Structure formats: structure tokens, C-alpha cells
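Here are the chains, one letter per residue:
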Amino acid sequence: MDIGFWGSALLKLAFVATAVSGWAYYKAVRQPPWEEAWTRWGRASWMLALGGLLGASALLLYLLVAQRFEYAYVYQHTARELPLLYVVSAFWAGQEGSFLLWALYQAVLGWVLARTAGSFRAPVMAVVAVSQLFLLSMMLGVRLGPLEIGSSPFLRLAEKFPDAPVFRQNPAFRPEDGNGLNDLLQNPWMAAHPPTLFVGFAAMVVPFAFAVAGMWTRRYTEWIRPALPWMLFATLALGVGIILGGYWAYVTLSFGGYWAWDPVENSSLVPWLIGAAALHAMIAYRGSGTSYKAALLLPVLAFAFVVYSTFLTRSGILGDSSVHSFVDLGLYNQLLLWILSVVGLGLGLFAYRFRELPKSSREPRLLSREFLLFLGAMALSATAMVIIVGTSTPILGRLFRENPAPPDAHFYNNWTLPLAIVIGLLIGLGQLLWWHRTEPRRISRLVFGPFMLAAAAAALALWGAGVQELSYLLLVFASAFAFFANVWVLMRLFRGNPRLAGGAVAHLGVALMLVGIVASSGYDQVLVPPGEGILLGNPEDPHVAHRDARPKHFQLYLGESKQAQGYRIAYTGRRTEPRRGETFYRIEITDPKGRLAVLEPSAYKSRNGQAIQHPDVASFWTHDLYVAVVPDWMLRSEEDDSTRHRFLLRRGEAERIGDYEIRFLRFRVLKAPEPMRAEGELRLPEGLRPEDVDIAVAAAVEVRNRTSGQSRTLEPVYLILKDRTQRFLAAQVADWNVMVRFEGMRVEQGQAELVVEGLAQPPWVLVEVHRKPFIGLLWLGTLVLMLGFSMAILRRWWELRRLEALRRSVQEPVQEPVLA
């Protein structure tokens, strides 16, 4: 028996042990006299499942590091050339490994819960076990009759691809090397992004389990206190994972930003937004006893959207809409059943117990801190709903058409911008009211200072930075108001009790992030020399969410420099790294103040022939310079060589080859059927008679020497003969060694297909340069946000431990104080 057998056996052991554990915890809830006994069974079984998952994970890691390419998962995601870091990160590169990592995290969290959840231990662990069973089922790899359940990461190649000819001839065949890891994933930020994101996914089940346990055991309000630190932790971990992914996209992908409204990106953002909304609703209930139903419902929805995000990513349903989707492993039905179970359990209990749920004894005033918290939760939820509706368009749209397209970036920007303004204002006003406990009639005095400072910041943005769009100005004002209001609050807290400052610090981070987003995205400056912009791709492609109709590229030859918006941009050299043939292109940028930045974006062909591009970024205090290149080899056809070039030109358009410029002037009909008239004399070479020709068209082409300024006009001819064959009569400038052939035309577009021979093309690249103002505030705000979350977790955890200690000391239930 080999390692694969033991790995699969350990996964099956974990599945069975989790099922036993879940059943034992369920019985502990249903049979209170036997609670202790059932709990011991549940804890022991959970530990057995955790041991199975640790063993399976260790075996998979061993197979990856030992490069056992006879196993399908190892073969598909690693290769001998990979550094150790990327061999290890291949663990979560595929569906099976990432499910294993997620299940391992969830098992560890269950182990912590079993020790810390107190009187909620049994019902919470029973709910977590249900979720864990679904996760483990994705890796079972067993067949029950026609039904196949899950896909094991321990399958050998011969087991996974039994019909492949190589295994029919030699079942013991073992490849010498693997396919390798996707080149875009070979980045340190990508090595950290998925593991962090899965911590957030795994942790989000805990508040969900507490909410369900509260409804199940009819302890409708007690669950909120122990669930609150977990909701903070889950939101923190998920937020860090999302930001790591955004930074990876910024420094690795070449679309010119950190967020592309890709469906998979969106589906991870939605649970974070709902989790943040749940956090505010739970705090509002803890503080005043209001917003209970929102506090109960939102944790359920947060985890439901985690599962929905998994469904979108892994079911193959977004295969045409997202570059992030995993390969479809046939898990569609299992994932769908998981979603229905989560929604049925959470929302079903909510509906079933609805009449028993507590009601607030009083409604919050319009300008009270509780009402503003509730409004904040609703604004976050509304933002999440807009994004999930847009993201689900390719699915919902199938009800009406065959191949629906996702909405483009404008849809998301237009809908989320007003909501971001509302959120910014609420962050400022809500924090001021929360900590100053001011009567409504004194609010004007309280907000005067932050309001005036925010107005000054907006004025500075209008007259100093040229921000003129009203929506952006309002967002700058709202972000500045949030910033100064939280600074106001922090000054008071640091004079009193700094331990309570987590919320204000976190909101300060959000304010900084909003300013960074509006500055770097709304005022992203594309540097292009006047009249030289080139538009790549199809801006009308409905299946690209971030399509942009701006020409963002321009051509630079090696050794050449150009001026764009006061910047001097030069292509000064290139070097090739031997491991994977990655070529780095040296681009020097001198700003209007004479400061020089040297950047080295790169491009190369991966092992499977895919063209890979990586940008480079130079950071300054006030802005980033972002550069990506498209080298000449990516745009040349296979038949092109260094002295043969094929162009498709409209009338008046030109292409440059080294020191020469080739410009298409016009078509000239030399012979055509009636009623068309000939526009000139047709001269045919020896052996070809006029009566053999059906159609003859010349293309007037100007060839200009850029150094001397001299130009010559040529007229290569395109012939269609009576036998429907084609002939091309070339024209040349002998002393320049230039020959031009006219090999086709697209009449409707007015384009001529020209082939130019004899001129050597020096190396060139298409360059894309962005100046992104104040993008550093986005990253700084992220760090501040995470610091605030960490402070809040420590505070809530400390409160919980203190309450537990107090309960133990008095040996009787202690009534929970209502805390602000």
C-alpha cells in the first residue's frame, strides 16, 4: 500500500470521525442528562478527525516536496524547476488541495471552539461539523453506483486519466517532470493570499454556528457576546486575504490596477461586507438592545455568501467570465447542496422561530448612535447586494438569453460610489455620537470641527488637485470627515481608556482607504505622447468586466525616448533571466522635477506557451509610477521574421519599421467588371495577359525615410484572375532595399493588407505608464484598519474571559452588562 492509499484513508477517517463528532454533539444538546458523556465522545471524535486531516496534509506536502509526479495533483501543479516556496504553495493551487487546507483550518478552529465556547459548545460544534462534512465530502473520491462523490488529491495519474493512451500501453508510466505551477501564481504575495483568505472563510462559519445555535437552543441573545470576537477575527482575516490578493494583482497582473471587478474577486468581497455589517448590528444590539434581527440574520448571510462564493469559483459556472475560476471537477451538485443546506439551516430556523425572537422595547431615535450603527450596517449590506447582483448576472441572465455578459466596471462604480459617500459620512457621525453620548440638539457643536476640516480638504482637492467631479468631491469630503471625526474620538480615548480605541482606529483606516481609492482610481493619469495612443484588445468585448476604451499604450524602440505630460520615458535596455527565459525591459522615467525612476517590467512565454506579463512599480510619497510592456514578439505573427512584416492599415494609417515609415494612401482600381471604371493603366509582367485578369486593384503606399525626410510612393497590385486564383505584383525601392506587396483587402473596413520585406526592425515595446496619485494611502489605510480590528479582538476577548472568570467565581449565572 502506497502513500496515496494512506492519504485517501486518512481523509475518509476524518469524514467518518467528523460525522460521529457531529452526531455526538447533537445528542449532547438533545439529551441534557447525558451531555457530559456525549460531549466527551464529540471531542474525542473531533480530535481523531483533526489528526486525520493533519496526517493527510503532511502526506500531500511530502508528495509535493518529493516531486512524486505519478500523482495527478503533484503532476498538475509542480515541476522540478520550481523553488521550494512555490512547491509548498502548490498545496493550495488546485481545488483538492485548497479544500484540504480549508478543512484543516476549520478543524483547528473546531478544536479551539470545543475548549472555549462554554455552554454553547455542543450546539455550535454540531453546526460546524455539518459544514465540515460538506468540505470533506469534496475530497472523498468515492463512487456509489453512478454517483461520484468528491475528488481526492491522492489519485495517481493512471487512476485519474485511465483512458490516456500512455497508461493503456504502460500502466506503470511515471512522468519525469510535472506541468508546473501557473506562472501568475509564482509570486510571494500569491503564496500568502489564498491561505489567509481561507482562514477568513473557515472562521466565518463560527458566528454562523453561534447564531444557529442561539435559535436552536432558544438562547436568542446570549450567543452574541461569545460570537463577537469570532466575527471580528473572521472579518479581519478575510479582509487581509482580499487586500493581499489586490496587492498581488497590482504588482503581478498587467491590467493596470488592483481591482478589476472580476466575479471571483467580487464574490470574496461580498461576505466581507456582510460580515462588517453583521459586526455593526451585533455591536448595536450589545450597546442598546436594538437591531436584534439584523444581528441574527447577517452572520447567517455572511457564511451563506462564503459558500456561494465557493460555488461560483469551483462549479465551473463562471468559466467564461472569470480568469480566476478553478477547473470544474464535477462538484456542481455537491456545492449546490451545501448552499441549500446552509441557507435552509440558517434562514429556515429564522423563519421557524420568528415569532419567538426578541423585540426591542423601544425604537432608536433618528439621530441616535444606535440608529446610525444600524444605517451603517444597511449601507454595507446594500453595497454587498449591488455587487452580488452584478456578479450573478452571468447566472441570472441565462434565464433570458444564452450567453449573458457581466456588467462592466461602470455598473459597479456608479452604484457603489454613492453608497461609499454615505458610509464615509456615517463613519464620522456615528463615531462622534457613539463616544461623546451627546444629545441630538448638541450635535451641530460636536461635528463643527471635523466638518470644517473636511470642507477644507474638499476645497484643497477642488483647487489644488483639480478634482472637479461632484461625486468624487463628495467622496473626498465624506472620507475627510470620517478621518477627522475619528482623530477627534481617538484624542479623547487616548486621554481616557486607549483599550477602547480599536473601533476608531479601524474606521480611521477605512477613511484613508477611501481617499486612496478615489485618488488612485478616479485620477489615474495615463501617460501617452500626444497623438500616439494605441488601443489594444476589444473595448466592446462584453465578457470583460474592466474593459476600457482609452488608448493606453504607445510604441518605443530600443534606445528611443518620448515626452508625455511632462515626463520623459525611455526604453534603454533589456536582460533575460535564465530560469524561465523571463525578459526584463529597462524603462527610465524622468519626471518634470528631474527625478529619475528605473523600472523593469517583464514578459515571457511560459512552459505551456502562454504569454506572461508582469508590470513594475516605483513608489513615491505622493504617487506610484506603474509600467507594463507588450514586447514586439507578442504581436508578430508566426510567419514574420526580422525583415518581413505584415500590416493591416486603413487609409492614412502608418506603421514604422526602424528608420522608415510605411503609410497606406488609397486604393486605385485598374481593372474591374462593369459598371466600375478603371483609374489607371494596368501593366502586367511577361506571361500574364490582360484577358486573364478579372480584377486588378493597386494600393498607393508611401515609404518615408525619417532621417532624410525623403519619401517614395509605390503601387503594388492585387490581382484576381479569371480562374479565381490570386496574384500579387510587388513594388520596390531598390536603393532602399524595400519591397512592398499588396496581399489582400477588407473592403468594408477600408483596410489593405501589406507585406513589407527588406527592412530590419529594431526591438520595440508597447509601453503603458500610469501615474497613480496617493495610492499609498490605500495600503496605509489597510494596515491601520487591521490594527484597529486586532485591538478590538483583544478587547472583546478580554471582556469574555473576564466574564467567564466572574461566572466561575460566583458559581451562578451572571447577568450580562450592556456595554458601549
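Worth saying up front: this structure is predicted, and the values here are computed from it rather than measured. (Residues numbered from 1 in each chain as written. Predicted model: local features only at pLDDT ≥ 70, side-chain atom pairs only at ≥ 80, totals over all residues. Heavy atoms only, no water.)

### Overview of the overall build of the protein chain
Our working definition: Helix numbering and strand numbering both begin at the N terminus, where a helix is a DSSP run of H or I of at least 4 residues and a strand a DSSP run of E of at least 2. Note on contacts: a residue pair is in contact if any heavy atoms of the two residues lie within 4.5 Å. Shrake-Rupley sampling with a 1.4 Å probe provides the accessible areas, and residues are treated as covered by the protein chains on show and by no other component.
What the protein chain contains, in helices and strands, is 21 helices and 23 strands. Dimensions of the protein chain, computed from C-alpha atoms along their principal axes, come out at roughly 110 × 80 × 50 Å. The long-range share in the protein chain, meaning contacts at least 24 apart out of those at least 6 apart in sequence, stands at 69%. Summed over its atoms, the accessible surface of the protein chain is roughly 37,200 Å², and 59% of this surface lies on carbon and sulfur atoms.

### Examining the pattern of salt bridges
Side chains that carry opposite charge are capable of pairing whenever their charged atoms lie near each other. Put simply, the rule reads: Salt bridges are defined by distance alone: a side-chain nitrogen of Lys or Arg within 4 Å of a carboxyl oxygen of Asp or Glu. For each residue, the accessible area found with a 1.4 Å probe, counting protein chains only, is set against the maximum for its type, and the residue is called buried under 20%, exposed over 50%, and partly exposed in between.
One pass over the structure, following the stated rule, counts 30 salt bridges. As a salt-bridge pair, Arg 174 and Glu 70 come within 2.9 Å of each other at their nearest N and O atoms. Placement of Arg 174 in the loop between helix H8 (165-169) and helix H9 (188-203) and of Glu 70 in the loop between helix H2 (35-65) and helix H3 (72-77) is noted, with a sequence separation of 104 residues between them. Residue class for Arg 174 comes out partly exposed when judged on its relative accessible area of 34%.

### A closer look at the pairing of strand S21 (residues 738-746)
Selection rule: At least two DSSP bridges between two strands are needed for those strands to be called paired.
Direction of pairing for strand S20 (residues 731-733) relative to S21: antiparallel, over a ladder of 3 bridges. Its bridge partner being in S21, Gln 732 is matched across the sheet by Met 739. Counting the residues that bridge the hairpin from S20 to S21 gives 4 residues, and of these Asn 737 lies at a positive phi of roughly 60°. Note: S21 against strand S22 (residues 751-757), 7 bridges, orientation antiparallel. Note on S22: the bridge partner recorded for Met 739 is Glu 757. Between the end of S21 and the start of S22, which pair antiparallel, lie 4 residues, with Gly 750 showing a positive phi angle near 65°.

### A look at helix H10 (residues 205-216)
What counts here: Expected helix span is taken as 1.5 Å per residue step, with the number of steps being one fewer than the number of residues.
The end-to-end C-alpha distance of H10 is 16 Å, a good match for the 16 Å that 12 residues give at a rise of 1.5 Å each. Taken across its 12 residues, H10 has 12 buried, putting it largely inside the fold. Buried residues of H10: Val 205, Val 206, Pro 207, Phe 208, Ala 209, Phe 210, Ala 211, Val 212, Ala 213, Gly 214, Met 215 and Trp 216, and no others. The positive-phi residue at the C-terminal boundary of H10 is Arg 218, with phi of around 60°.

### Structural notes on the nonpolar core
Test applied: Here, nonpolar core refers to any group of buried Ala, Val, Leu, Ile, Met, Phe, Trp, Tyr and Cys residues whose side-chain atoms link them within 4.5 Å.
Counting 178 residues, the largest nonpolar core has Leu 53, Trp 102, Leu 113, Phe 210, Trp 223, Phe 303 and Trp 338 as the members making the most contacts within it. For this core, the element with the highest residue contribution is helix H13 (residues 292-314), accounting for 15 residues. Discounting chain neighbours no more than four positions away, the residues touching Leu 53 are Leu 11, Ala 14, Leu 100, Ala 103, Leu 104, Ala 107, Gln 132 and Leu 136. Judged by nonpolar contacts, the second largest core, of 23 residues, contains Tyr 718, Val 740, Val 756 and Leu 759.

### Digging into empty space enclosed by the protein
Note the threshold: For each structure, a 1 Å grid was placed over the protein atoms alone; sets of points admitting a 1.4 Å probe that cannot get out are labelled cavities, open sets with protein on both sides within 12 Å along at least five of seven lines are labelled pockets, and lining residues have an atom within 4 Å of a point. Grid points are joined across faces, edges and corners, and a volume is the space filled by probe spheres set on the points. Each residue gets one of three labels, nonpolar for Ala, Val, Leu, Ile, Met, Phe, Trp, Tyr, Cys and Pro, charged for Asp, Glu, Lys and Arg, and polar for the others, Gly among them.
In total, this model carries 1 cavity of 30 Å³ or more according to the counting rule given. Counted as a void, the largest cavity has a volume near 40 Å³. Every residue lining the largest cavity is listed: Arg 225, Leu 228, Pro 229, Arg 286, Arg 796, Glu 799 and Leu 800. Looking at the lining of the largest cavity, the elements with two or more residues in it are helix H11 (224-252) and helix H21 (776-810). Of the residues assigned to the lining of the largest cavity, the class counts are 3 nonpolar, no polar and 4 charged.

### Focus: the packing of helix H6 (residues 121-137) against H10
Put simply, the rule reads: For helices, the axis comes from a line fit to the C-alpha atoms of the stretch in contact; other axes are also lines fit to C-alpha atoms, and the angle between any two N-to-C directions lies between 0 and 180 degrees. Any angle between 65 and 115 degrees counts as roughly perpendicular, while under 35 counts as roughly parallel, over 145 as roughly antiparallel, and the rest as oblique. Should the near helix be turned anticlockwise from the far one by less than a right angle, the crossing is termed left-handed; should it be turned clockwise, right-handed.
One can describe the packing of H6 onto H10 by two numbers: an axis separation of 8 Å at closest approach and a directional angle of 125°. Between H6 and H10, the angle falls in the class oblique. Relative to H10, H6 is oriented so that their crossing is right-handed. Between H6 and H10, the contacting residues are Pro 123, Val 124, Ala 126, Val 127, Val 128 and Ser 131 on the first element and Val 205, Phe 208, Ala 209, Phe 210, Val 212, Ala 213 and Trp 216 on the second. A per-class count over the contact of H6 with H10 returns 12 nonpolar, 1 polar and no charged.

### Thoughts on the packing of H13 against helix H14 (residues 332-352)
Interhelical geometry of H13 versus H14 gives an angle of 175° and a closest axis separation of 9 Å. Looking at the two axes, H13 sits roughly antiparallel to H14. Here H13 contributes Lys 293, Leu 296, Leu 297, Val 300, Leu 301, Phe 303, Ala 304, Val 307, Tyr 308, Thr 310, Phe 311 and Arg 314 to the contact with H14, which in turn contributes Tyr 332, Leu 335, Leu 336, Trp 338, Ile 339, Val 342, Val 343, Gly 346, Leu 347 and Phe 350.

### Here's the deal with the environment of Gly 348
Within the secondary structure, Gly 348 is located in helix H14. As for Gly 348 and Val 212, which are separated by 136 residues in sequence, their C-alpha atoms are 9.9 Å apart.

### Looking at unusual backbone geometry
A positive phi angle, near 55°, is found at Trp 261, a position not held by glycine. Mapped onto the secondary structure, Trp 261 falls in the loop between H11 and helix H12 (263-288). In this structure Trp 261 comes out as buried when scored by relative accessible area, which is 13%. For Phe 774, which is not glycine, the phi dihedral falls at a positive 55°. With respect to the secondary-structure elements, Phe 774 resides in the loop between strand S23 (764-773) and H21. For Phe 774, a relative accessible area of 41% translates into the label partly exposed.

### Quick word on the sheet that holds S20
Taken together, 4 strands build an open sheet; the order of strands is S13-S22-S21-S20 and the sheet is antiparallel. Each edge of the open sheet carries a strand with a single partner, namely strand S13 (644-650) and S20. With direction set aside, neighbouring strand axes in the sheet form an average angle of 25°. As paired elements, S13 and S22 share 7 bridges and run antiparallel to each other. Counted as the bridge partner of Arg 646 is Val 755 from S22.

### Some points on the environment of Ala 482
With respect to the element layout, Ala 482 can be found in helix H19 (residues 470-495). Along the backbone, Ala 482 and Pro 450 are 32 residues apart, and their C-alpha atoms lie at a distance of 8.0 Å. The contact partners of Ala 482, leaving out residues within four places of it in the chain, are Gly 424, Ile 427, Gly 428 and Ala 511.

### Observations regarding the pairing of strand S18 (residues 717-721)
Within S18, 5 of the 5 residues are buried, leaving the element largely enclosed by the surrounding structure. Every second residue of S18 is oriented toward a common face, with Val 717, Leu 719 and Leu 721 on one face and Tyr 718 and Ile 720 on the other, all of them buried. Relative to S18, strand S16 (residues 693-705) is paired through 5 bridges, and the arrangement is antiparallel. In the sheet register, Ile 695 faces S18, and the bridge partner there is Ile 720.

### Details of the packing of aromatic side chains
Put simply, the rule reads: Side-chain rings of Phe, Tyr and Trp, where Trp is taken by its six-membered ring, are said to pair if the distance between their centres is within 6.5 Å; with planes under 30 degrees apart they count as stacked, over 60 as edge-to-face, and otherwise as tilted. Working rule: Lys NZ or Arg CZ, within 6 Å of ring centre, within 35 degrees of ring normal, means a charge sits over the ring.
Within this structure, the stated rule accounts for 38 aromatic pairs. One aromatic cluster is present, formed by Trp 189, Tyr 247, Tyr 250, Tyr 258, Tyr 626 and Trp 779 through successive ring pairs. Seen from the ring of Trp 798, Arg 499 lies directly overhead, with NZ or CZ sitting 4.1 Å from the centre. Positioned above the aromatic ring of Trp 736, the side-chain terminus of Arg 712 is 4.5 Å from the ring centre.

### Quick notes on the side chain of Ser 151
Convention followed: Polar contact is defined as a pair of N or O atoms within 3.5 Å, subject to the rule that within protein one atom must be able to donate a hydrogen and the other to accept it, and that residues adjacent in sequence are counted only when both atoms are side-chain atoms.
With respect to the helices and strands, the residue Ser 151 is situated in the loop between strand S2 (147-149) and helix H7 (157-160). Side chain to side chain, Ser 151 and Glu 96 meet in a polar contact 3.2 Å long.

### Quick look at the environment of Phe 484
Within the secondary structure layout, Phe 484 lies in helix H19. Expressed as a C-alpha distance, the spacing of Phe 484 and Ala 511, which sit 27 residues apart in the sequence, is 9.1 Å. Beyond its immediate sequence surroundings of up to four residues, Phe 484 is in contact with Pro 450, Leu 453 and Ala 454.

Fair warning: the whole summary comes from geometry, so function is off the table for now.
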